[in-house]
Amino acid sequence: MPFELGGETFTSRLILGTGGAANLHVLEQAIRASGTELVTVALRRVGTAPGSTGGLLELLDRCGVRLLPNTAGCHTATEAVKVARLARDAFDTDWVKLEVIGDERTLLPDGVELLRAAEELVADGFTVLPYTSDDPVLARRLADVGCAAVMPAGSPIGSGLGVGNPHHIRLIRQGVDVPVILDAGIGTASDAALAMELGCDGVLLASAVTRAADPVAMATAMRYAVEAGRLAAGAGRIERRFHALASTPDEGRPEL
Amino acid sequence: MELTVNGAGRSVPAGASVADLVGDIVPHPRGVAVAVNGEVVPRTGWPTRALRDGDRVEVLTAAQGG
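Structural notes, computed from the coordinates.

About the cut-offs
- Residues numbered from 1 in each chain as written.
- Chains lettered and ligands numbered in written order.
- Predicted model: local features only at pLDDT ≥ 70, side-chain atom pairs only at ≥ 80, totals over all residues.
- Heavy atoms only, no water.
- Helix = DSSP H or I, 4+ residues; strand = E, 2+ residues; numbered from the N terminus.
- Rg over C-alpha atoms; globule rule 2.2 N^0.38 Å.
- Buried < 20%, exposed > 50% of the residue type's maximum accessible area, 1.4 Å probe, protein only.
- Contact = heavy atoms within 4.5 Å.
- Areas by Shrake-Rupley, 256 points an atom, 1.4 Å probe, with all protein chains shown as cover.
- Lys, Arg positive; Asp, Glu negative; His and termini not counted.
- Charge placed at Lys NZ, Arg CZ, Asp CG, Glu CD.
- 1 Å grid on protein atoms, 1.4 Å probe; cavity = no way out; pocket = protein on both sides within 12 Å on 5 of 7 lines; lining within 4 Å.
- Points joined across faces, edges and corners; volume = space filled by probe spheres on them.
- Nonpolar A, V, L, I, M, F, W, Y, C, P; charged D, E, K, R; others polar.

On to the overall build of chain A. Broken down by element type, chain A carries 9 helices and 10 strands. The C-alpha radius of gyration computed for chain A amounts to 20 Å, which stays within 12% of the reference 18 Å derived for 256 residues, consistent with globular compactness. Expressed along its principal axes, the backbone C-alpha trace of chain A runs to roughly 80 × 40 × 35 Å. Considering chain A as a whole, with its 256 residues, one finds that 51% of them fall into the buried category. For chain A, the share of sequence-separated contacts (at least 6 apart) that also reach a separation of at least 24 residues comes to 65%. When the accessible area of chain A is evaluated, it comes to approximately 12,200 Å², of which 51% is carbon and sulfur surface. Across chain A, the mean location of the 23 positive side-chain charges is 2 Å away from that of the 32 negative side-chain charges.

What follows deals with the layout of surface pockets. Approximately 610 Å³ is the volume attributed to the largest pocket. Forming the walls of the largest pocket are 35 residues, and the residues nearest its centre are Gly 19, Ile 157 and Ser 207 of chain A together with Gly 65 and Gly 66 of chain B. Elements that contribute at least two residues to the lining of the largest pocket include exactly β4 (38–45), β10 (202–205) and α8 (207–210) of chain A. Split by residue class, the lining of the largest pocket holds 15 nonpolar, 14 polar and 6 charged. For the lining of the second largest pocket, the secondary structure elements donating two or more residues are β4 and α3 (77–91) of chain A together with β3 (32–36) and β5 (56–64) of chain B.

All names here are of chain A. Of note in this structure, Asp 92 is not a glycine but carries a positive phi near 55°. When you line up the elements, Asp 92 lands in the loop between α3 and β6 (95–98). Its relative accessible area of 72% is what places Asp 92 among the exposed residues. For Ala 184, which is not glycine, the phi torsion reads 90° and is therefore positive. Residue Ala 184 is classed as buried on the basis of its relative accessible area, which comes to 9%.

Any functional reading would require information beyond the geometric quantities listed.
Following this line, the structure appears as structure tokens:
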């Protein structure tokens, strides 16, 4: 089933971050293997950070993916709003993955600044996809101010710890009418599948693929994990039981 | 005149515009954005935005990031 996000329709529910890839060649192969149609990029000084020496935008063109600029590294609403506006000017897109970091060790978002920036950018016509914590109340507030989705962290960025609080992710899914995208903390395919089984509409990940020993194999795994989790979520899983329930019938058992 | 461009000192001729500076730094300014003294200068304003001595200029582009 297609995935509606910000008024656009996607086939893939996997959003891939480009950070952490060893080089553009591996990145391109991973993007293609993942089947993603939406890929994040950062805005950095020309010729400094990886990818900023040229070739990244051309690569994304070749892959036919839509670009999602982020505001990574911003610590205040003022700064994040400026970066979003610079990204809009640079990339001709009003989509933004809004990040406002509140803590250096965990890179968890600053909810107060995040909400402020989201409000300002929505008013300025942006399609705002905020990276948020797994707080159901903050997620609802972000949806209420007009964000096109909410993107709760499963666990800290780059940690690979998976979905730390599945209960909250479920509560977020129940509490908002916009897509919920699990963003950050995914370590391996089962984490992505779990996020989808919890009811998430999509998964955004970077490090799990780009820093894997074999990024292309992991990108393929993530593609199937997101699809499998989505299918399972809609398939009506069996109830958990304390004791066994035989699947083979007792009727007709031979007496020997 | 003396500017600070992406954190480093840089001399440009008097009267240079943002467009002149960007043209010196990147041959094809696709995917580039500019801020002067912390304020966004939209692409359409680059040719007419004159730089002044001491301006702090950020010339930014796409980089890998999650």
